Amino acid sequence: LPERLRTIVVHAMALASSSSSSSEYGTAEGMEDLTRHLSSLGRYGGSAFLVPMYGSGELSQMFCRSSAVHGGTYLLRRAALGVVAISGKGAAAGGIVLGPPDDIVRASRNIEAEDGGSEADDGPTGKTDAPGKVVRGRHVVVPRQYLRRDSTPHSPRRTVQRRISILKGPLIHDPNETDAEQRYVIIIPPQTAGIGNEGAIHGSAVDHSVEVSPAGYTVLHLTTTTTTTTTSSSAATATATAEEKGDPGDAGAAAAVLDRAARALLDRCGTGTEELWSASFGVELDDEGGDGADGKTDAAAAPRGLHPSRRPAPSVAVEGAFEEAERLFREICHGGDGDGEGEEPPEFLA
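Peer 1: Just give me the short version of the sheet that holds strand β1 (residues 82-86), but keep the residues and values in it.
Peer 2: With antiparallel pairing, three strands are arranged side by side in an open sheet as β1-β2-β3. Because the sheet does not close on itself, it has two edges, and the strands there are β1 and β3 (133-136). In this sheet, neighbouring strand axes are inclined to one another by 35° on average, regardless of whether the strands run parallel or antiparallel.

Peer 1: Provide a residue-level description of helix α2 (residues 27-40), including the pertinent values.
Peer 2: Over its 14 residues, α2 extends 20 Å from the first C-alpha to the last, a length consistent with the 20 Å expected when each residue adds 1.5 Å. For α2, the secondary structure elements touched by its buried residues are α1 (3-13). Gly42 lies just past α2 and shows a positive phi near 75°.

Peer 1: An account of the environment of Tyr74 is requested, with residue identities and associated values reported.
Peer 2: Inspection of the secondary structure puts Tyr74 in the loop between α3 (57-69) and β1. Separated by ten residues in the primary sequence, Tyr74 and Cys64 have C-alpha atoms spaced 6.6 Å apart. Apart from the residues lying within four places of it in its own chain, the contact partners of Tyr74 are Ser60, Phe63, Cys64 and Ser67.

Peer 1: Explain the side chain of Glu324 residue by residue, including any values.
Peer 2: Along the polypeptide, Glu324 turns up in helix α7 (residues 319-333). A polar side-chain atom of Glu324 sits 2.8 Å from the main-chain amide nitrogen of Arg310.

Peer 1: Which residues make up α1, and what are the values?
Peer 2: Each α-helix winds once per 3.6 residues, and so residues spaced three or four apart point in a common direction. By the burial criterion, the buried members of α1 are Thr7, Val10 and His11. All buried residues of α1 lie within an arc of 80° about the axis, which places them on one face of the element. Looking at the packing, one finds that the buried side of α1 touches β6 (183-188). In the segment just after α1, Leu15 is the residue with positive phi, at about 55°.

Peer 1: Report on the pattern of salt bridges, specifying residues and quantitative values.
Peer 2: Per the counting criterion, the structure on display carries ten salt bridges. Residue Arg330 is joined to Glu326 by a salt bridge in which the shortest nitrogen-to-oxygen separation is 3.1 Å. With Arg330 and Glu326 both in helix α7, this residue pair falls four residues apart, about one helical turn. Between Arg327 and Glu331 there is a salt bridge whose closest N-O contact spans 2.9 Å. With a gap of four residues between them, Arg327 and Glu331 both fall in helix α7, about one helical turn apart. In this structure Arg327 comes out as partly exposed when scored by relative accessible area, which is 23%. Classification of Glu331 as partly exposed rests on a relative accessible area of 28%.

Peer 1: Account for the pairing of strand β7 (residues 201-207), naming residues and giving values.
Peer 2: Burial within β7 is extensive, with six of its seven residues counted as buried. As paired strands, β6 and β7 are joined by six bridges and run antiparallel to one another. Across the sheet, Ile188 pairs through a bridge with Ile201, a residue of β7.

Calculation rules
Residues numbered from 1 in each chain as written. Predicted model: local features only at pLDDT ≥ 70, side-chain atom pairs only at ≥ 80, totals over all residues. Heavy atoms only, no water. Pairing = 2+ DSSP bridges. Helix = DSSP H or I, 4+ residues; strand = E, 2+ residues; numbered from the N terminus. Axes fitted to C-alpha atoms, helices over the stretch in contact; angles between N-to-C directions. Expected span 1.5 Å × (residues − 1). Contact = heavy atoms within 4.5 Å. Polar contact = N/O pair within 3.5 Å; in protein donor to acceptor, adjacent residues only side chain to side chain. Buried < 20%, exposed > 50% of the residue type's maximum accessible area, 1.4 Å probe, protein only. Arc of directions from axis to C-beta. Salt bridge = Lys/Arg side-chain N within 4 Å of Asp/Glu carboxyl O.

Function cannot be inferred from these measures alone, as they are strictly geometric.
Written out as structure tokens, the structure is:
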């Protein structure tokens, strides 16, 4: 196929992730993605997409409710400080701890003592209970980027760059409708002239019809994948630092790509729509492949019961999140040390 037609098929029909290029996109992967898109057409309306009411937070609530139905517990409004590792059990995860840094060590010793492995650590207050709350568990799922070792300075990193805009007026104007609802999926192919995007840019435009803004306003989300060079193990930190200091480096350049994309969309709408506010940020993307020296986690050295979760490349669909949830379920329940060995994932993951 000609390059232009191949780009349309890969990004507009197969809805490939933003990090995929038409030259590297395999036929089997493309057919699977294309079939998923076509089989979704007309299932719940005129398109292949569903948009949550009141924002994307409804997706995480769905997992929360499903977890509760299957016996799980969600801990809200408390940040996990660290993972409790019990050395007496062959480096096994014992739960998570919420509180000051010294609570992690003390909590580990107290759990070992309760299990008959060592003496309890009374701490500076003379009390056995650590000041921070310890949530015990045999399995702990942790985002992979929190377990990274420091990487080589100036090493390349793939990051997900996002931009959120609040617009006064519609982004896309339909001359046949006086009050058209703004619920659109936007795809900008890689290397678009005037934007200079390394990967595809995926976007969505939504308005009051899904309860995310007042009437007459539109919320525009843009997402892409870029390659940056940073001296930090956290791309999110590097991005924030660069923006605060006005650094024209990689992080600032990545944000500028989405700035140009937003400007191009506003120029094309021709409706006098005004951008009132915008914010950009980046987070590190987990690549598949080797562990260790390049800054990735060493899975073999992780305590038993600790399950790193990977962040999939951004896509119009959320299939990657469901696949990762199913992988973690099977790893916990079929990994040989899970209470639910032999169980199958819930129906929505099958």
